[in-house]
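Read off the chains here:
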Amino acid sequence: MAATPNMAKLLCVYCSSSRHLEDKYYKAAEAVGRAMVGNGWGLVYGGGNVGMMGSLAAAVKGAGGHVVGVIPEFMKERELAYTQSDELITVHTMRERKRVMEERASAFLALPGGIGTLEELTEIMTLRYINRLDKQVVVFNHGGYYDDLLRFFERMASERFKSAGMRDLISVAGEEGEIWPLLEAPGSFEADAIWARDR
């Protein structure tokens with residue numbers, strides 16, 4: 001039985017809040033938002049009403065999905081909150097915002113974004129790496145946006161800054177339709193022995 005919008009598992013999505021992107025990025029966020037609902041996912045995200053964040057949330061809401069926004073007070077004061085969210089959680093700090101999103105999420109998805117998106121993605125990857133988190137993490141490499149970053153991750157592993165297992169921390173989708181089976185796939189990442197929970 002498909003989940004109703006209020007009972008949908010929540011997908012934490014990280015993406016850009018920029019108003020100055022090419023239109024293809026806003027359209028991609030809208031397509032992901034609509035497809036989320038069709039695949040039984042609700043949204044938990046940074047609560048914004050601008051950029052890809054705003055396009056994503058509006059698309060989820062427009063398709064009948066459940067939207068949980070988590071936004072710091074200082075952003076809310078600047079009228080940057082998506083007030084149509086089913087739940088709009090106001091926090092004090094950016095760190096608290098990330099914590100709440102992490103706790104509410106069943107899985108994570110990174111769309112194209114800037115340094116904030118990159119910081120959120122790498123923090124979740126780190127938590128997975130040290131065995132503090134066991135949830136799927138997918139990167140939507142729309143139009144090859146993350147090609148250089150993925151090559152950098154490969155260099156980290158090849159030069160042994162991280163173990164070869166780092167390659168399994170994330171799954172990469174090149175097209176919107178590839179995201180959903182990756183989110184549902186069993187996790188293949190095994191933490192290094194030093195981070196094993198039974199130590």
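Residues numbered from 1 in each chain as written. Predicted model: local features only at pLDDT ≥ 70, side-chain atom pairs only at ≥ 80, totals over all residues. Heavy atoms only, no water.

S.K.: I'd like a rundown of empty space enclosed by the protein, residues and numbers included.
M.R.: As enumerated under the stated definition, the model contains one cavity of 30 Å³ or more in all. Each pocket or cavity is described by its volume, and for the largest cavity that value is around 40 Å³. If one sorts the elements of the lining of the largest cavity by residue count, helix H5 (residues 115–129) sits on top with three residues. In terms of residue class, the lining of the largest cavity is made up of two nonpolar, no polar and four charged. (1 Å grid on protein atoms, 1.4 Å probe; cavity = no way out; pocket = protein on both sides within 12 Å on 5 of 7 lines; lining within 4 Å. Points joined across faces, edges and corners; volume = space filled by probe spheres on them. Helix = DSSP H or I, 4+ residues; strand = E, 2+ residues; numbered from the N terminus. Nonpolar A, V, L, I, M, F, W, Y, C, P; charged D, E, K, R; others polar.)

S.K.: Describe in detail unusual backbone geometry, supporting the description with residues and values.
M.R.: Even without a glycine there, the phi angle at Glu79 is positive, about 60 degrees. Relative to the assigned elements, Glu79 resides in the loop between helix H3 (73–76) and strand S4 (87–91). In this structure, Asn131 takes a positive phi of about 65 degrees despite not being glycine.

S.K.: Account for the pattern of salt bridges, naming residues and giving values.
M.R.: In this structure the tally under the stated criterion is twelve salt bridges. Here Glu22 makes a salt bridge to Lys24, at a shortest N to O gap of 4.0 Å. Here Glu22 falls in the exposed class, since its relative accessible area comes to 51%. Here Lys98 ties to Glu119 by a salt bridge, and the two come within 2.4 Å at their closest N and O atoms. Within this pair, whereas Lys98 is found in helix H4 (residues 94–104), its partner Glu119 is found in helix H5, the two being separated by 21 residues in sequence. Judged by relative accessible area, which is 12%, Lys98 ranks as buried. Through salt bridges that share partners, Glu96, Arg99 and Glu103 make up one connected network. (Salt bridge = Lys/Arg side-chain N within 4 Å of Asp/Glu carboxyl O. Buried < 20%, exposed > 50% of the residue type's maximum accessible area, 1.4 Å probe, protein only.)

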